[in-house]
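What follows is each chain in one-letter form.
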Amino acid sequence: MKRLLLMLSALAGISLLYTGCTKEPLNHLTSDESRIYITDHDSTVNFANYKTFSISDSVAVIRNGTATKELNDLDAAYINAATKYMEAAGYTMVSNKQNADLGVDVNRIISTTTGVISNGTYWDYYGGYWDPYYWGYPGYGYYIPYSYSVYQIREGAVSLDILDLKNASENNKINVIWTGLIRGSGIFDASVADSQVKALFDQSTYLKAN
Amino acid sequence: MKTIKIMVAALGLFLISQSATAQKKNLKLDLNYNYSMPVSGFNSDLVRDHSPRGFMAALMYPFNDKLSAGLELGFQDYYQKYPRQLYTIGKSQNVSAVLSNSIQTTPVLLKAKYFPLTTLFLKPYLSVGAGANIVDFKQYLGQFGSGQTNVNFRAQGGLGVLIPFTKVSPSGINIGATYDYAPYNRLGYKDLSTVNIQAGVTINLK
């Protein structure tokens, strides 16, 4: 009996140690450390061949499969930051009526369930939410020439896209030539929008006008 | 690997043959705190920090004064956070992230201990063990993680000393060290080998 009690005590102790010994990684991340910045681009494109850009006047908010165009303080902060860093990269902003070389849009993705951003979901939604008419190319379709990775969504994301409007007529479609994705804690906060967009541009050194 | 498997089989057969001829003896329970230091590829590729979060427990059957064998179960938690860095994936994708590795190992080993100098008060010993290493590996980019659990091979060699509570007591304090060879072949990583320092007690189960 004594032996059994001793062994049971040892087993209980081992179980406690097992659960108590593990260092949970998510408990050791700051908000800044929790964020990831993913950029991808069409490696055949020379970004120095473009001079002007136009940016969307609102943000497409994609919420569990439905989308709305919104412009609150947070959205304005992301649009302003994208404008600032496009200009810092040497591009000149023009209105969307002035045949810009590049189109820039901002999207906010909110999901309360586990979803996926992929070519087959995000871009299906996207195609319907940003009408090519906005950029002056009604009836055109979008095309993404590189493989867009699949990302699990739990809490939301902000994405920026750069579209090739300069060659849309020649290609008969609007190529998506750069995408940037921001994910992690605290990104739906206007005060951090500038630093988040800056991070995307900082890691995209090829994104420069002549 | 083939040689090691043959050695494990030989160890198993030896222990079975010894238990068949041995007289009835009291089992011994080893309970040890384990401090683990990743070495080789484990250290350079996955986790540099030492892990103070571990333990091992073994139920040992003494065949005679010099030789005992049994089953050992352990647990160790490894964690490493690397500063933010830019990772290039394919030819066009860049990911900036703080990368964290979280690895839990649960070795289940057949173990033998040999005490060459039983007449001394301090009883030095050599140990060998081999068996399974259950590995739970999670890797996080920022707060986004993925992981997998699988079973791998593990072999162990060690030495230590048993300090009996009294001159005649079979129980005592145990201090030892092991080298654990732990091959791993997942996600491009090859090795989870460690050097371990242990301290604890050996209890005679009456």
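It should be noted that the structure appears before, not after, this text.
If you're wondering where the values come from, they're calculated on a predicted model, not measured in any experiment.

J.: I keep staring at the overall build of chain B and nothing clicks. Help me out?
T.: For chain B, the helix and strand inventory stands at two helices and 10 strands. Sequence-ordered secondary structure for chain B, helices as α and strands as β, is α-β-α-β-β-β-β-β-β-β-β-β. Here chain B, with 206 residues, has 33% of them falling under the buried criterion. Restricting to contacts in chain B with at least 6 residues of sequence separation, those with at least 24 account for 58%.

J.: Got a minute to help me understand the overall build of chain A in this structure?
T.: Scanning chain A from terminus to terminus reveals six helices and 11 strands. Long-range contacts, defined as pairs at least 24 residues apart, comprise 80% of the intrachain contacts of chain A with a sequence gap of at least 6.

J.: Explain the packing of helix α3 (residues 73–88) of chain A against helix α6 (residues 193–202) of chain A to me, please; I cannot follow it from the model alone.
T.: Relative orientation and spacing of two packed helices are given, respectively, by the angle between their axes and the distance between those axes. Residue and element names in this part refer to chain A. Put simply, α3 and α6 touch, their axes get as near as 8 Å, and they point 40 degrees apart. Both α3 and α6 take part in a crossing whose hand is right-handed. Contacts between α3 and α6 pair L74, A77, Y78, A81, A82 and Y85 from the former with A193, D194, V197, K198 and F201 from the latter. Considered class by class, the residues forming the contact of α3 with α6 number nine nonpolar, no polar and two charged.

J.: In this structure, what is going on with the interface of chain B and chain A? I would like to understand it.
T.: Interface size is commonly expressed as the accessible surface area that is lost when the partners come together. Listed per partner, the contact involves 29 residues of chain B and 31 residues of chain A. Put simply, the parts of the chain that give the side of chain B that touches chain A at least two residues each are β1 (28–38), β2 (54–62), β3 (67–89), β4 (93–114) and β5 (123–141) of chain B. Tallying contributions element by element places β4 of chain B first for the side of chain B that touches chain A, with nine residues. Taken together, the residues of the side of chain B that touches chain A break down into 14 nonpolar, 10 polar and five charged. Across three bridges, strand β1 (residues 36–41) of chain A lies against β4 of chain B in antiparallel orientation. Of the residues in β4 of chain B, the one forming a bridge with Y37 of chain A is S96 of chain B.

J.: How should I be thinking about unusual backbone geometry in this particular structure?
T.: Excluding glycine, a negative phi dihedral is what most residues carry, and trans is how most peptide bonds are arranged. Unusually for a residue other than glycine, N172 of chain A sits at a positive phi of about 65 degrees. Phi at S40 of chain B is positive, roughly 45 degrees, even though this residue is not glycine. Structurally, S40 of chain B can be placed in helix α2 (residues 40–46).

J.: Where do I start with the nonpolar core in this structure?
T.: Where a protein is soluble and globular, its nonpolar side chains tend to be buried together. Y78, A82, L102, V104 and V197 of chain A are the most contacted members of the largest nonpolar core, which totals 51 residues. In terms of residue count, the dominant contributor to this core is α3 of chain A (seven residues). Discounting chain neighbours no more than four positions away, the residues touching A82 of chain A are I55, V104, V106, L160 and V197 of chain A. Formed by 10 residues, the second largest nonpolar core is a distinct cluster that contains V47, V135, A182 and Y184 of chain B.

J.: Help me understand the pairing of strand β11 (residues 174–183) of chain A, please; the structure alone is not making it clear to me.
T.: Each regular strand displays side chains that alternate between the two surfaces of the sheet. All names here are of chain A. Of all 10 residues making up β11, 10 are buried, and the element is well covered by its neighbours. Both β1 and β11 contribute to a ladder of six bridges, which runs antiparallel. Pairing of H41 across the sheet is with W178, part of β11. With eight bridges joining them, strand β10 (residues 157–164) and β11 adopt antiparallel strand pairing. When the sheet's bridge partners are listed, D161 is paired in β11 with T179.

J.: Help me understand the environment of D45 of chain B, please; the structure alone is not making it clear to me.
T.: All names here are of chain B. With respect to the secondary-structure elements, D45 resides in helix α2. Judged by local crowding, D45 falls into the partly exposed class, with 15 C-beta atoms found within 10 Å. Measuring from C-alpha to C-alpha, the distance between D45 and G188 comes to 9.8 Å, with 143 residues separating the pair along the chain.

Each value, and the rule that gives it
Residues numbered from 1 in each chain as written. Chains lettered and ligands numbered in written order. Predicted model: local features only at pLDDT ≥ 70, side-chain atom pairs only at ≥ 80, totals over all residues. Helix = DSSP H or I, 4+ residues; strand = E, 2+ residues; numbered from the N terminus. Buried ≥ 20, exposed ≤ 12 C-beta atoms within 10 Å, placed from the backbone. Contact = placed C-beta atoms within 7 Å. Axes fitted to C-alpha atoms, helices over the stretch in contact; angles between N-to-C directions. Left-handed = near helix turned anticlockwise from the far one by under 90°. Nonpolar A, V, L, I, M, F, W, Y, C, P; charged D, E, K, R; others polar. Pairing = 2+ DSSP bridges. Core = buried A, V, L, I, M, F, W, Y, C linked by C-beta atoms within 7 Å.

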